[in-house]
Amino acid sequence: MSTFKNIQGKNIRSYANNAPNATAGEMWYNRSEAKLKGVVASGAWSSASLLNAAVREQIGFGSTQNAQASAGGYPNVTQTEEYNGSGWSIGGSMSSGRGVGAPAGTQTSGLVAGGEGPSSGVNTTEEYNGTSWTSGGNLPATVRFNTGFGTQTAAVSLGGMQGPSPGARLATANKYDGSSWTATGSLNTARRAAATGGSQTSGIAMGGDTPPYSNVTEEFDGSTFSNGGNLNTTRGFAGGSAATQNAAITFGGSIPPGGTTTATENYDGSSWTTSPATLSVSRYGGHMGVTAPNTSTIYYGGQPPVTASTEEYNFTANTVTAATWASGGAMNTARLAGAAGGTQTAAFYAGGRVGPPGGTADSEEYNGSSWTEGNNLNTSRQYVAGAGTQTAGLAAGGYPATGATEEYNGTSWASQPNSMGTGRAFGGMAGAQTSAVYAGGNNPSTAVTNIVEEYNGTSWSEQNDLSQSRKYLAAAGTADTNVVVYGGSDQPGSTKYTNTEEYDGTNWTNGGALITGRQGLGGLSGGPGTKAGTLAFGGYDGTAAVASTEGYDGTSWSTRPSLATARYDVRGTGSNTAALAIGGDGASIFANTEEFTGETTAVNIVDITTS
């Protein structure tokens, strides 16, 4: 009789709790629970950062989950967005707006061909190099609602329709060699808006609109299409992904008689299996095919209603929990633009504006769940900046323009004999109690400045100026040699800046631009010694308070999950994996706190039973 050891080559071990560093397929006995345990792989969808703009019927391409491009969309969208695994950033715009065309390639070597233009189908091809679009060879005929697969130099465009709806569906297919298109074997079932994936020699088309909708799968070997196993759920305008035709996945879509589905199906080269994993947002008309593996793919955009939602699919032994903002404890005193510092579980907030008649000296501490009153600042002030930790904090500047500096030891605030050389408010400060940087602001209240000063724990000294004078800016960093400033506005407040400046302790250099220009935003550092991971959230874009969050990778900004409450003059502290957004203004002056938790993964441990 076979035993577990005969099959696996080792016995089941016993542990007091769970096995350390367990991997997929491993089993053990947990003595504390008196249970047999194991690690199993499974598929699951998890929410990810939103697109910058809600879009439907866009053309998506990319070879991995963490390097995607969303191009165009209906009606007449030209914008391209790029996904880096954490969020979306703005890429180059297509010269011709379109939706539902044939996609192919990678984020840095992509292609779109045909599609639904402003009023009809198009025959043009555009190629993407990761920055900008250039024209490629034209399709033999105009087409709309076509889809496809492959690479920039070896692509396939299939199906679609030529005239307005309702109109005949096409079975035609064409191959691209990097410069021109030629006819190849036709589909067996004429259709538009099929989900697709794979390569020019191992491609797949799934479902689509025939009309009404189809469950037919077809596989392409480089010259001809042949029928494969039928989908379990008849659908069109669905999402799809495949590296090869023998390992495909389809999800979402429109189903008869006019609904949408969250269902996910997996293909093994012969038959489809419905997965227990379902999309959290039922929709159709997001991207319809990418070349990413069926074990690690992504779905973005779609309708109804038109959405910016992004979801990631992973078949793994790990459980992925998406990054998110969640409600925390409320301050005892609602206010905005105070001094903040510390971590998510040990923070301080001091001073700020409480509304007419103005500033306060009130100081509070946060323990990860609730705020408690502490000893007050010695000088009441608003639009004050903070840095440091709960036991070694710093507050400087404020309105009316002052250079007053106070240090916090976890119990009380002490006024320092040396003030900033330039008294001001509305500036940004980052760093530690003994190594802080204060940049920009107003001095006096009618003049915006680019002055930068450093604090060494005893006194302030002037340093090289910012290249951009600005107020209401955000600053992030853990020491005076590792600071990023971003956002803010000019003195009238008419211009909201997007530019980023990075400081190395001596000089300022230009960094990437925020996606949304804003003032009064919150910010915090990615961690010691790195500018990557910096977050920017909330703020005022010139029209209204915003909730959007962006993350910085040291080069460019991309989207992150948004705050639950739009607000400006918000303060932030903590890290990019455990942050706080505190107070602020919007519909009212807020006391509430939001807590940010970065994406986490955990091994999927299950109980092993005989049933």
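Relevant structure appears above.
Owing to the predicted nature of the structure, the values given are computational and were not obtained by experimental measurement.

A. Geometry of the overall build of the protein chain. If you tally the helices and strands in the protein chain, you get one helix and 55 strands. Across its three principal axes, the protein chain shows a C-alpha extent of roughly 85 × 70 × 40 Å. Accessible surface computed for the protein chain: about 22200 Å², of which carbon and sulfur atoms make up 48%. In the protein chain, 27 positive and 41 negative side-chain charges are present, and the distance between their average locations comes to 6 Å.

B. Expanded view of unusual backbone geometry. Along the chain, P211 connects to P212 via a cis peptide bond; the corresponding omega equals 0 degrees. Following the sequence through the fold, P212 ends up in the loop between β18 (202–206) and β19 (217–220). Backbone torsion omega between Q303 and P304 reads -15 degrees, so that peptide bond is classified as cis. In this fold, P304 is placed in the loop between β27 (296–300) and β28 (310–316). Although it is not a glycine, A34 adopts a positive phi angle of roughly 55 degrees. One can find A34 in the loop between β2 (27–30) and β3 (35–39). Non-glycine residue N76 carries a positive phi angle of around 60 degrees.

C. The pattern of salt bridges, seen in detail. Applying the stated criterion to the full structure yields 18 salt bridges. Taking the shortest distance from any N to any O, the salt bridge between R191 and E218 comes out at 2.7 Å. With R191 in the loop between β16 (181–184) and β17 (195–199) and E218 in strand β19, the pair connects residues that are 27 residues apart, well separated along the chain. On the accessibility criterion, R191 (1% relative accessible area) is buried. Owing to a relative accessible area of 0%, E218 belongs among the buried residues under this scheme. Across the pair R470 and E501 runs a salt bridge whose closest N-O atoms are separated by 3.0 Å. With R470 in the loop between β42 (460–463) and β43 (474–479) and E501 in strand β45 (residues 500–503), this pair connects stretches of sequence that are 31 residues apart. Overall, the relative accessible area of 0% leaves R470 in the buried class. According to the relative accessible area criterion, E501 is buried, its value standing at 1%.

D. How the structure looks around the packing of aromatic side chains. Considering all chains together, one arrives at 29 aromatic pairs under this definition. Between W45 and Y313, the ring centres sit 5.3 Å apart and the planes meet at 55 degrees, which makes this aromatic pair tilted. On the criterion of sequence distance, the pair formed by W45 in strand β4 (residues 42–48) and Y313 in strand β28 is long-range, its members being 268 residues apart. The class for W45 is buried, based on a relative accessible area of 12%. Taking the relative accessible area as the measure of exposure, Y313 reaches 2% and is therefore buried.

E. Expanded view of the side chain of E550. Among the secondary structure elements, E550 is positioned in strand β49 (residues 549–552). Here the side chain of E550 touches T516 through a polar contact of 3.1 Å, landing on its backbone nitrogen. Setting aside anything within four residues of it in sequence, one finds E550 in contact with L514, I515, T516, R518, T534, L535, A536, W557, S558, T559 and R560.

F. Structural view of the sheet that holds β16. Spatial strand order, β13-β14-β15-β16: four strands in an open sheet with antiparallel pairing. Each end of this open sheet is capped by a strand with a single partner; those strands are β13 (147–151) and β16. Here the average twist between neighbouring strands, direction ignored, is 20 degrees. Taken together, the four bridges between strand β15 (residues 173–176) and β16 define a ladder with antiparallel strand orientation. Bridging from a neighbouring strand, K175 pairs with T182 of β16.

Conventions we followed
- Residues numbered from 1 in each chain as written.
- Predicted model: local features only at pLDDT ≥ 70, side-chain atom pairs only at ≥ 80, totals over all residues.
- Heavy atoms only, no water.
- Helix = DSSP H or I, 4+ residues; strand = E, 2+ residues; numbered from the N terminus.
- Areas by Shrake-Rupley, 256 points an atom, 1.4 Å probe, with all protein chains shown as cover.
- Lys, Arg positive; Asp, Glu negative; His and termini not counted.
- Charge placed at Lys NZ, Arg CZ, Asp CG, Glu CD.
- Salt bridge = Lys/Arg side-chain N within 4 Å of Asp/Glu carboxyl O.
- Buried < 20%, exposed > 50% of the residue type's maximum accessible area, 1.4 Å probe, protein only.
- Phe/Tyr/Trp six-rings, centres within 6.5 Å; stacked < 30°, edge-to-face > 60°.
- Polar contact = N/O pair within 3.5 Å; in protein donor to acceptor, adjacent residues only side chain to side chain.
- Contact = heavy atoms within 4.5 Å.
- Pairing = 2+ DSSP bridges.
- Axes fitted to C-alpha atoms, helices over the stretch in contact; angles between N-to-C directions.

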